[in-house]
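Reading the structure
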Amino acid sequence: MKPWILGLTGGIGSGKSAVAQGFIERGVHVVDADHAARWVVEPGRPALARIVEHFGGDVLQANGELDRAALRKLIFTDPEQRRWLESLLHPLIGQEIVQVLARAESPYAILVSPLLVESGQRHMTQRTLVVDTPADLQVQRTIARDQSSEEQVRAIMQAQASREERLRHADDVLNNDRDLAWLDAEVERLHTFYLTLRGGQS
């Protein structure tokens, strides 16, 4: 039987990667939209050439790879440029995700995406799990992880769906405001439940 697809989402710094890792350790096939977004802009792929043509050579590193930090600065201060980039990349990322999910052999598979709600990727899934974290904790975690400024983190949060919007689309919510042992127990609880579902529904 073809595995059903769970969408896993949450804002920046919510702990999506730690939750996804917990499912991977339990044998679940996981595709990360952020990884797909990196694959489509690898040197030699058409998307990278289009980005350089549009933004200029300053968005490239010396080794010919995309300079994500430089590109991020350009698009987060200019919504029009962000929309241009999204209209180029979202369809390509979608194709890449579909191909990788098609290879899944676990009872259900997971699509991890910070933009699951905003990008329409939710329609590729049968159920949505939201990792929910208080905004101040998101900021603290992201600054500690990426050494970004608070201003930059809050700008990224602003560009993502609001917490309320995400929760409105949630079938399941994992509150990630405690320690890793709690998080792992929650993943185990959800995994056990998901194994009982057919097509993402009970």
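Residues numbered from 1 in each chain as written. Predicted model: local features only at pLDDT ≥ 70, side-chain atom pairs only at ≥ 80, totals over all residues. Heavy atoms only, no water.

Next up on the list: helix α1 (residues 16-25). Given 3.6 residues per turn, any residue in an α-helix points the same way as the ones three and four places further on. Among all positions of α1, only K16, V19, A20, G22 and F23 are buried. One face of α1 carries all of its buried residues, which in axial projection span an arc of 155°. Exposed side of α1, more than 90 degrees from the buried face: S17 and E25 are the residues found there. At its buried positions, α1 is contacted by β1 (4-9), β2 (29-32), β3 (108-112), β4 (127-132), β5 (172-175) and α9 (180-194). (Buried < 20%, exposed > 50% of the residue type's maximum accessible area, 1.4 Å probe, protein only. Helix = DSSP H or I, 4+ residues; strand = E, 2+ residues; numbered from the N terminus. Arc of directions from axis to C-beta. Contact = heavy atoms within 4.5 Å.)

A few words now on helix α3 (residues 46-55). All buried positions along α3 are accounted for by A47, L48, I51 and F55. The arc enclosing the buried residues of α3, seen along the axis, measures out at 100°, which places them on a common side. Away from the buried face of α3 by more than 90 degrees, exposed residues P46 and E53 are located.

For the rest of this paragraph, the subject is the UniProt feature "binding site: ATP" (unreviewed entry) in the chain. UniProt annotation of "binding site: ATP" (unreviewed entry) refers to G13, S14, G15, K16, S17 and A18 when read in the numbering used here. With respect to the element layout, K16 can be found in helix α1. Classification of K16 by relative accessible area gives buried; the value is 11%. For K16, the contacting residues outside a window of four places in its chain are L8, T9, G10, G11, V112, P114 and V131. Among the secondary structure elements, S17 is positioned in helix α1. (UniProt positions renumbered as here; feature names shortened; annotations may be inferred.)

Time to look at the environment of G11. Take G11: it is sitting in the loop between β1 and α1. A residue is classified by how much of its surface remains accessible, and G11, at 2% relative accessible area, is buried. When the C-alpha atoms of G11 and Q160 are compared, they prove to be 7.0 Å apart, with 149 residues separating the residues in sequence. The residues touching G11, leaving out its near neighbours within four places in the chain, are K16, Q138, Q160 and R166.

Backbone geometry places Q147, a non-glycine residue, at a positive phi of 55°. One can find Q147 in the loop between α6 (135-146) and α7 (150-159). Residue Q147 is classed as exposed on the basis of its relative accessible area of 64%.

Across a regular strand the side chains alternate sides, sitting on one face of the sheet and then on the other. The element β1 is largely enclosed, with a buried count of six among its six residues. Because side chains alternate across β1, one face comprises the buried residues W4, L6 and L8, and the other comprises I5, G7 and T9, equally buried. Relative to β3, β1 runs parallel, the two being bridged by five bridges. Residue pairing across strands places L8 opposite V112, the latter belonging to β3. Bridging between β1 and β4 involves four bridges; their strand directions are parallel. Looking across to β4, one finds that L6 is bridged to R127. (Pairing = 2+ DSSP bridges.)

A separate point is the nonpolar core. Membership of the largest hydrophobic core comes to 26 residues, with the highest contact counts inside it found for I51, L71, L89 and I97. The element contributing the most residues to this core is helix α5 (residues 79-101), with seven residues. Setting aside chain neighbours within four positions, we find I51 in contact with V41, G56, V59, L66, L71, W84, L85, L88 and L89. Counting 18 residues, the second largest nonpolar core, distinct from the first, contains W4, A20, V28 and I110. (Core = buried A, V, L, I, M, F, W, Y, C linked by side-chain atoms within 4.5 Å.)

A separate point is the environment of G44. Looking at the secondary structure, you find G44 in the loop between α2 (33-39) and α3. We classify G44 as exposed; its relative accessible area is 81%. Remark: the alpha-carbon pair of G44 and G64, spanning 20 residues in sequence, is separated by 9.4 Å.

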